[in-house]
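# Chain and residue survey
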Amino acid sequence: MKKHFRKLLSILTLICCLSGSLQPLAAEAEEVTRVTFENEQNNSPDLYVTKKIESASGDYEAPAGLRFTFILRLNGSLADRLEYRVFDENGSEVYNYSDGESTDDKSNKIPYRTDRSGTFTLAPGQTARFEYVGVGTSYEVTEVQTDGWIQTTPSGGA
């Protein structure tokens, strides 16, 4: 199998060399170009930010369209236009479209990104997944105060 692969690679290399010239070229057996591709699994952890809400009375439903705003810093700097994915409370991915969000995976989706100030929003029950943040990356997530709601966890706001 390896022998056949080498022959095929030699023939393809020869064809590539000849395609750029009208003059036939003689290839020496020792001048075979070899290309090696290596892949490594990316084991960097992802950063998850989940927004959970509780009603003090237990009877109150969150209003439709309610959004909470967060600011993300990575290694002390604002996460400028960082792409992320969003999941609902059931773990289904939520896609961003020009006319709103949906769990339908259509072709015209727009990636979620933080703005220049590292700001992003989540609805109650949603989770933002920032992929491959990396080991050793310090992060800070701060929630912007929302009228009518009090942040209880984590204490101190970040």
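All values reported here derive from a predicted model rather than from experimental measurement.

### Quick look at the pairing of strand β9 (residues 127–130)
Neither face of β9 is left uncovered, since the one carrying T127 and R129 and the one carrying A128 and F130 both have all their residues buried. Looking at chain direction, strand β4 (residues 83–87) and β9 are connected through three bridges and run antiparallel. Residue pairing for β9: R85 is matched across the bridge by R129.

### Here's the deal with the side chain of E93
For E93, the position within the fold is in strand β5 (residues 93–97). Within the local environment of E93, its side chain forms a polar contact with the side chain of R85, the two groups lying 2.8 Å apart. Ignoring anything within four residues of it in the chain, the contact list for E93 reads R85, V86, F87, S102 and T103.

### Let's talk about the packing of aromatic side chains
By the definition in use, this model includes six aromatic pairs. With a centroid separation of 5.4 Å and 20 degrees between ring planes, the pair formed by F70 and F120 is classed as stacked. Of this pair, F70 sits in strand β2 (residues 68–74) while F120 sits in strand β8 (residues 119–122), and the two are 50 residues apart along the sequence. Across the pair, exposure class does not vary: F70 and F120 are buried alike. By the ring-pair criterion, three or more aromatic residues cluster together here, those being F70, Y84, Y112, F120 and F130. A cation over a ring is seen here: K51 above F68, with NZ or CZ 4.4 Å from the ring centre. The ring of Y97 carries the charged tip of K106 above its face, separated from the ring centre by 4.5 Å.

### What to know about the confidence of the model for the protein
Detailed reading of the predicted coordinates is not advisable wherever pLDDT falls low. In the predicted model, the protein carries a mean pLDDT of 83, and the fraction of residues at 70 or more is 80%. Taken element by element, the predicted model of the protein shows its lowest mean pLDDT in helix α1 (residues 2–19) (54) and its highest in β8 (98).

### Section: the pairing of β4
Relative to strand β7 (residues 112–113), β4 runs antiparallel, the two sharing two bridges. Across the sheet, Y84 pairs through a bridge with Y112, a residue of β7. Looking at chain direction, β4 and β5 are connected through two bridges and run antiparallel. Each residue of the ladder has a partner; that of V86, found in β5, is V94. Connecting the antiparallel pair β4 and β5 is a turn made up of five residues, with G91 showing a positive phi of about 90 degrees.

### Some points on the side chain of T127
In this fold, T127 is placed in strand β9. A polar atom in the side chain of T127 sits 2.8 Å from the side chain of T50.

### Describing the nonpolar core
In this structure, V49, F70, L72, Y84, F120, L122 and F130 are the most contacted members of the largest nonpolar core, which totals 18 residues. Elements that contribute at least two residues to this core include exactly β1 (47–50), β2, β4, β8 and β9. Ranked by residues supplied to this core, first place goes to β2 with three residues. Setting aside residues up to four positions removed in sequence, V49 forms contacts with F70, F120, L122, Q126, T127, A128, F130 and V141.

Cut-off values and rules
- Residues numbered from 1 in each chain as written.
- Predicted model: local features only at pLDDT ≥ 70, side-chain atom pairs only at ≥ 80, totals over all residues.
- Heavy atoms only, no water.
- Buried < 20%, exposed > 50% of the residue type's maximum accessible area, 1.4 Å probe, protein only.
- Helix = DSSP H or I, 4+ residues; strand = E, 2+ residues; numbered from the N terminus.
- Pairing = 2+ DSSP bridges.
- Polar contact = N/O pair within 3.5 Å; in protein donor to acceptor, adjacent residues only side chain to side chain.
- Contact = heavy atoms within 4.5 Å.
- Phe/Tyr/Trp six-rings, centres within 6.5 Å; stacked < 30°, edge-to-face > 60°.
- Lys NZ or Arg CZ within 6 Å of the ring centre and 35° of its normal.
- pLDDT = per-residue confidence, 0-100.
- Core = buried A, V, L, I, M, F, W, Y, C linked by side-chain atoms within 4.5 Å.

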